[in-house]
Amino acid sequence: MLYSALLFGLISSLHCIGMCGPIAMMLPVDQHNPAKKALQILIYHLGRLSAYASLGLVFGLLGRGFFMAGIQQQLSIVVGILIITIALVPERVFIKYNFSKPVYRAISKVKSSLGQQFKRKSPDALFTIGLLNGFLPCGLVYAALFGAIAMQNVALSVTYMLLYGLGTIPLMSAVVYVSHFISLPLRSQLQRILPVVTVCIGVLFIIRGLGLNIPYLSPSTMSLLVKANASCH
């Protein structure tokens with residue numbers, strides 16, 4: 001299932017261009033030194049990957065609890081349904097029905113800290129911008145986290161989120177170099193692909209949880225028990 005993370009990240013970056021593209025375009029990078037600019041963009045991405053890895057660690061620990069409880073396959077089915085729900089329900093609906101004021105306060109602090117970092121041009125500022133950027137709320141990141149929680153161990157959960165982040169790097173780097181490399185109409189058409197790909201990934205998690213004894217795609221319950229016992233010795 002790890003391959004789905006990279007694919008999901010690549011497709012999600014079409015959405016990221018609209019949501020996080022302005023942040024990437026405003027990065028305080030050196031416009032006169034190509035080598036230094038590339039290094040600064042890399043540092044920014046390392047910050048984003050660190051955020052995704054941290055989230056993968058937290059959700060991986062949670063998923064490990066489900067795995068130890070023996071309900072990991074059921075969890076995979078639930079995760080698949082949740083991913084499909086995120087794909088089909090508009091993001092504004094989730095925002096409308098989110099009554100968690102503490103979360104909004106935390107997000108407000110993240111945005112405030114993010115704004116302060118743009119005034120600096122040091123490597124740690126670029127890393128911090130990427131780190132804070134990675135923690136900003138995003139429906140597709142939530143979908144990726146649902147995927148991470150369904151992994152069999154913490155290391156795979158962290159790897160899943162790292163691969164998701166790596167998939168977003170090509171297009172997110174491109175917007176720094178060419179701000180309008182994709183026209184708005186074309187960008188709108190490309191974003192229509194997002195729900196389709198997200199639903200497909202959700203279906204993959206459901207198939208995985210059904211235990212159809214398909215190698216690498218849908219291992220049987222017995223296969224999972226064998227892996228669990230092997231990891232305990």
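The structure presented is a predicted model; accordingly, all values stated were derived computationally and were not measured.

Trainee: Please provide a residue-by-residue account of the side chain of His45, values included.
Mentor: Structurally, His45 can be placed in helix α3 (residues 34-68). Residue His45 is classed as buried on the basis of its relative accessible area, which comes to 3%. If sequence neighbours within four positions are ignored, His45 has contacts with Ile169, Met172 and Ser173.

Trainee: So, the nonpolar core: which residues are in play, and what are the values?
Mentor: In terms of nonpolar packing, the biggest core is built from 26 residues, with Phe8, Val79, Val141, Tyr160, Met161, Tyr164 and Phe205 touching the most fellow members. Mapped by element, the contributors of at least two residues to this core are α1 (2-19), α3, α4 (72-88), α8 (139-149), α9 (154-177) and α11 (193-210). Among the elements that make up this core, the one with the highest residue count is α8 (seven residues). Counting residues in each nonpolar core, the second largest holds 13 residues, with Leu27, Ile41, Ile129 and Val176 among its members.

Trainee: Describe the pattern of salt bridges, listing the residues and the values that go with them.
Mentor: Between side chains of opposite charge, pairing is possible as soon as their charged atoms come close. Applying the stated criterion across every chain yields a total of one salt bridge. With a shortest N-O distance of 3.9 Å, Asp30 and Lys36 are connected by a salt bridge. Judged by its relative accessible area of 22%, Asp30 falls in the partly exposed class.

Trainee: Go over the side chain of Lys37 with me, naming the residues and quoting the values.
Mentor: Here Lys37 lies in helix α3. One buried charged residue, Lys37, remains without a salt bridge, the closest side chain of opposite sign being Asp30 at 8.5 Å. Once residues lying within four places of it in the same chain are set aside, the contact partners of Lys37 are Val29, Asp30, Gln31, Val176 and Tyr177.

Rules used throughout
Residues numbered from 1 in each chain as written. Predicted model: local features only at pLDDT ≥ 70, side-chain atom pairs only at ≥ 80, totals over all residues. Heavy atoms only, no water. Helix = DSSP H or I, 4+ residues; strand = E, 2+ residues; numbered from the N terminus. Buried < 20%, exposed > 50% of the residue type's maximum accessible area, 1.4 Å probe, protein only. Contact = heavy atoms within 4.5 Å. Core = buried A, V, L, I, M, F, W, Y, C linked by side-chain atoms within 4.5 Å. Salt bridge = Lys/Arg side-chain N within 4 Å of Asp/Glu carboxyl O. Lys, Arg positive; Asp, Glu negative; His and termini not counted.

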